[in-house]
Amino acid sequence: MNWPMVAFVVLGGITVYSGWRVATAPLVTHAALFLAVTFAGVGGLFFLLQADFLAAVQLLLYAGAVMTVVIFAIMLSEMKDIEEPRPRGWLGALRSPSLGALPFIGAVLLFAVMLVVYLRGAPALPVTPLPAPTNSTVFIAGALFKIYALPFEVASVLLLAAMIGAIILTRVEGGRRR
Amino acid sequence: MDFGAVWPEIILAGVGMLLVLLDPFVGAKRQRALGYLAVGGIVAAGIATLFEPRTGEVALAGMVILDPLSLFFRLLFLSAALLVTLFSFGFLQERDQDVGEFMALLCFATTGAMVMAISWDIISLYVGLELLSISSYILVAFLRDERRSHEAGLKYLLNGALASALLLFGLSLIYGLTGTTAIPVLGRQLAAALGHPYGGIVWLAVGLVLAALAFKIAAAPFHLWAPDAYEGAPTPVTGYLMVVAESAGFAALIRLVSTGMGPLSTEWGIWLAGLAILTMTVGNVTALWQQNIKRMLAYSSVAQVGYILAGIAVATRGGVGSTLFYLIAYLFSTLGCFAVIIALSARGHGEQIADYAGLGRRRPWLAGLLTLFFASYVGIPATAGFMGKLGLIGAAIHGDMAWLAVGIAVNSAISIGYYWSVARTMWIDPVPEAAGAIRASAGGSISLVLSAVGVVLLGLVPQMFFHLSQWASAGVIR
Amino acid sequence: MNILLYALLKAVIVVAFLGLNAFVLIWAERKISGYIQRRYGPLRVGGPAGALQSAADILKLLTKEDFVPGGADKWLWTLAPAVSLIPAVLVYLVLPIGKTVVLQNLNIGLVFFASVTSFTLLGIFMAGWGSNNKYSLVGAMRAGAQLFSYEIPLILSTIGVVIATGTLTLQGIVEAQAQHHEWFVFPQFVGFVVFYVASLAELNRTPFDLAEAESELIAGYFTEYSGIRWAMFAIAEYSNLFTTSALGVTLFLGGWHGPWLPGWMWFLLKSYLLVFIGIWIRWTLPRVRIDQLMDLGWKFLFPLSVANVLGTALYLMVR
């Protein structure tokens, strides 16, 4: 048991627990805050992997910006407790998001698949070795602006389109201009 | 970094941005100018496409490929966008909608579709898909005064987001299994991974990707969002989605599945063939009961997707070639139908099939053209659809899937039912008392004529287009 | 074990500094406001130079009843002050206090700073929501809108410096300034102005203290807090005042670089000079309206900071 391992277990535990609470918290504000904890936990895991730039961006964009937007969305919509309908029958009990076994089994299966892929998949096949993570910022910049320059630019157009769309759909003056 | 390989996309996205920028400064009376700008941009992008290399060279650090297929799809999307732009003018102005923003989103969506079609890497393909999807969600919900449009937008968004999530998960599994995002390398690596003890996961990954793309092209049983979204969307957008969004889905299928997963084709071929049969049957049978013409066409497009899928399912070069040919036929027939519908629904006229009563006597030309497009859908000889279906059936027989050919033939027979009911309403039923005047806009008429010419040309002298689609499909199956 | 002990030591130093900083700044704020606004109280009471007033304050806050308002969301309400302290503590990790004095020289120092401070909002939101009080909630929403709007120009204004130096480490940025004997406040003047205005808004200080505007909202999101919990908010706030000024010093005013005196002294001197200017502004200017605040952020500072980034990049390209 070394310290990184302890840190990993603690962070992972927090992330998984809060991820579960996001789905099951009865109050949507609580769910949002648990989501923030999940994001922060993932950021911490990135730090453990020495992907420090990714970690900082994860915190900045997800725990910071995305959470702000989520919270504003909650605040601007009607506040109500989410009441889970009482599960009916054994199938309903199985399916219910907070009590049921089905979501749990699904999650475990997904987890198993990912574990198998990421533990066994990559080493079996020729993978271009990544440079030593001395400065992941430089590496990410190189990947983003050289190799993936086209997707990067398309993503910027995508964000522009989304922003225009948000403005079009939320403009208040009632459909007509001028 | 040399962006020369994507000039058409740069031009189109640039025109989109210019439209948004100019929009606030252009008065309500001059909105038409923005439409002309969009048309100019699309034409310019088309010209730029013709100057791009088409020898199969890979550009932009392996992100895109400039092969005949890229050329084909770029031109396909641009022609569809051009026709849609032409018949949206009048539609938007009648409803007092903002032309600039609509055209800008149309340009962005088309850019996304083009990026998808030229992608040679999973990542650029996905980003292009998202650009197309997000722009189309907004276009579907564009009519802000209509509840129906909002509902359609929301449904499309939720289903599309689910499909994106599935696709992303499948792609991440593929990356985990192969360690690469490059489409040309994928198939070999996946086939190698299949031999390992955890090989089953390959099928999970492939299945997820197929399911997600089936969502995007609205193939049964993933089509349930389509009728609602297509009915509620602004009519030009419905036409655009049916042609561009679905063709882009097929472009992704060809790139990712036909080429990328080529070595596994014996397995996914069967899956896709099953999907094709199911899709065409469900689409045709459900269409029989529809009262709303847009909804009927939505189901009919589901059926058409089924036919087109058959070409990909056989996993031969000929199959892909007939798919491409059918996509051209589908483009002209569909956009022609929508040009007619827009001309008819312009002045408070309904979209119900009953509203078409007596059209043959009031506007014989419109009714005649609509009948022509329907004939092409069914596959009556001397129309585009006939040559298209002939190609697909031939490909199915060559690909040892004769039952698929039988399915297509049987389904075409079923589809006569609902097209006939509209035709009968138009030609035989009496003119209703309170029928308003019908006036097609200039742009609408142009696109109507262009579509009709296309349908007839493809039906009578298909050789040129046939060679084009065969040439474009050359490098797909390796 | 050694690593752990070392980390613990660092944490203790930071927390001790936090307390000291708050102690000094509360005293300073009182005194300065007294001089600026001719307030008799702060100028006369509190023993030698008013130093005992702060001590009395602390004693008062520590001995107050720990009171939880009825109907509060207990967990959120209790955790909020602690959550708002976390970013205040974490930013010390990357501040270059002297040439070799820095707790952890991360090579993404600046991004780390920005990402950690973006957490502040969560604490504020938890306080506002958890208090079950409309003033708190409105205050939290205002604070959220404000933080969000000003974070963008704040971060963009620092990018000019990053482009000029080509590094994200704060230590490297200071060294680049020391090497050329030119503080970035001169070539990056626009960036500095945007940075300083936006940082005042980020700190929720007058003229941008709409989140706690006492004439409208009693005290905004910490209306319901008292005693030690309120003190935690205050400590975090004064700590943020110091660290943001320190970041400004690091980016634009040469950090620890300066003649004769040792580096850490220069660092503290410059930082507290900026803090002093902040206090000066607070007691001189009236509060702006919420729409003016948003206009200033989105229509003035944001385009200005973008122009600054573009201008810097263009200059470096054609040079």
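Residues numbered from 1 in each chain as written. Chains lettered and ligands numbered in written order. Predicted model: local features only at pLDDT ≥ 70, side-chain atom pairs only at ≥ 80, totals over all residues.

## Examining the overall build of chain C
Then comes step 1: Within chain C, the secondary structure is distributed over 13 helices and zero strands.
Then comes step 2: When the helices and strands of chain C are read in sequence order from the N terminus, they spell out α-α-α-α-α-α-α-α-α-α-α-α-α.
Then comes step 3: Its C-alpha radius of gyration of 20 Å places chain C within 12% of the 20 Å reference for a compact globule of 319 residues.
Then comes step 4: Dimensions of chain C, computed from the C-alpha atoms along their principal axes, are close to 65 × 50 × 45 Å.
Then comes step 5: Buried residues in chain C amount to 47% of all 319 residues.
Then comes step 6: The long-range share in chain C, meaning contacts at least 24 apart out of those at least 6 apart in sequence, stands at 79%. (Helix = DSSP H or I, 4+ residues; strand = E, 2+ residues; numbered from the N terminus. Rg over C-alpha atoms; globule rule 2.2 N^0.38 Å. Buried ≥ 20, exposed ≤ 12 C-beta atoms within 10 Å, placed from the backbone. Contact = placed C-beta atoms within 7 Å.)

## Some details on the overall build of chain A
Then comes step 1: When helices and strands are tallied, chain A shows seven helices and zero strands.
Then comes step 2: In sequence order, the secondary structure elements of chain A are arranged as α-α-α-α-α-α-α.
Then comes step 3: Classification of the 178 residues of chain A by burial places 22% in the buried group.
Then comes step 4: Contacts spanning at least 24 positions in sequence make up 48% of the contacts within chain A whose residues lie at least 6 apart.

## Focus on the environment of C:Met232
Residues and elements named next belong to chain C.
Then comes step 1: Within the secondary structure, Met 232 sits in helix α11 (residues 227-252).
Then comes step 2: For Met 232, a count of 23 C-beta atoms within 10 Å puts it in the buried group.
Then comes step 3: For the pair Met 232 and Arg 39, spaced 193 residues apart in the sequence, the C-alpha separation amounts to 26 Å.
Then comes step 4: Look past the residues within four positions of Met 232 in its chain and what remains in contact with it is Pro 81, Ala 82 and Leu 85.

## Regarding the environment of B:Ala61
Then comes step 1: Tracing the backbone shows B:Ala61 in the loop between β1 (57-59) and β2 (64-66).
Then comes step 2: Excluding anything up to four places from it in sequence, B:Ala61 contacts A:Lys146, A:Ile147 and A:Ala149.

## As for the interface of chain C and chain A
Then comes step 1: Residue-level contacts link 20 residues of chain C with 20 residues of chain A.
Then comes step 2: Those elements giving two or more residues to the side of chain C that touches chain A turn out to be α5 (109-117), α6 (120-130) and α7 (134-165) of chain C.

## Points about the interface of chain B and chain A
Then comes step 1: Listed as interface residues are 41 residues of chain B and, on the opposing side, 31 residues of chain A.
Then comes step 2: For the side of chain B that touches chain A, the secondary structure elements donating two or more residues are α1 (7-22), α4 (99-118), α5 (122-140), α6 (147-178), α7 (183-194) and α8 (200-216) of chain B.
Then comes step 3: When residues in the side of chain B that touches chain A are grouped by element, the largest group, nine residues, is from α5(B).
Then comes step 4: The class makeup of the residues in the side of chain B that touches chain A is 26 nonpolar, nine polar and six charged. (Nonpolar A, V, L, I, M, F, W, Y, C, P; charged D, E, K, R; others polar.)

## With respect to α6(B)
Then comes step 1: The end-to-end C-alpha distance of α6(B), which contains 32 residues, comes to 46 Å, matching closely the 46 Å that a straight helix rising 1.5 Å per residue would cover.
Then comes step 2: B:Gly179 sits one or two residues past α6(B) and shows a positive phi near 70°. (Expected span 1.5 Å × (residues − 1).)

## A word on the arrangement of the chains
Then comes step 1: The highest contact count of any of the two pairs of chains in contact belongs to chains A and B.
Then comes step 2: As for chain C relative to chain B, no contact occurs, and the smallest C-alpha gap between them is 15 Å.

## Points about the packing of α11(C) against helix α12 (residues 263-282) of chain C
Residue and element names in this part refer to chain C.
Then comes step 1: Here α11 crosses α12 at 115°, and the two axes come no closer than 8 Å. Taken as a pair, α11 and α12 cross one another with a handedness that is right-handed. For the pair α11 and α12, the contacting residues are Leu 241, Phe 242, Ser 245, Ala 246, Gly 248 and Val 249 in the first and Phe 267, Lys 270, Ser 271, Leu 274, Val 275 and Gly 278 in the second.
Then comes step 2: Along the lines of polarity and charge, the residues of the contact of α11 with α12 split into seven nonpolar, four polar and one charged. (Axes fitted to C-alpha atoms, helices over the stretch in contact; angles between N-to-C directions. Left-handed = near helix turned anticlockwise from the far one by under 90°.)

## Some thoughts on the confidence of the model for chain C
Then comes step 1: Per-residue confidence for chain C gives a mean pLDDT of 82, with 99% of residues at or over 70.
Then comes step 2: Interface confidence for the predicted complex, given as ipTM, is 0.90, next to a pTM of 0.88. (pLDDT = per-residue confidence, 0-100.)

## Describing unusual backbone geometry
Residue and element names in this part refer to chain B.
Then comes step 1: Omega for the bond connecting Ala 220 with Pro 221 falls within 30 degrees of zero, at 0°, which places this linkage in the cis form.
Then comes step 2: Following the sequence through the fold, Pro 221 ends up in the loop between α8 and α9 (225-232).
Then comes step 3: At Ala 315, a residue that is not glycine, the phi angle is positive and equals roughly 55°.
Then comes step 4: Looking at the secondary structure, you find Ala 315 in the loop between α12 (293-313) and α13 (317-344).
Then comes step 5: The class of Ala 315 is buried, set by 25 C-beta atoms lying within 10 Å.

## Topic: the packing of helix α3 (residues 52-76) of chain A against α7(C)
Then comes step 1: Contact geometry of α3(A) with α7(C) gives a least axis separation of 11 Å together with a crossing angle of 145°. For the element pair α3(A) and α7(C), the recorded crossing hand is left-handed. Judged by residue contacts, A:Thr68, A:Ile71, A:Phe72 and A:Met75 of α3(A) engage C:Met141, C:Gly144 and C:Phe148 from α7(C).
Then comes step 2: In terms of residue class, the contact of α3(A) with α7(C) is built from five nonpolar, two polar and no charged.

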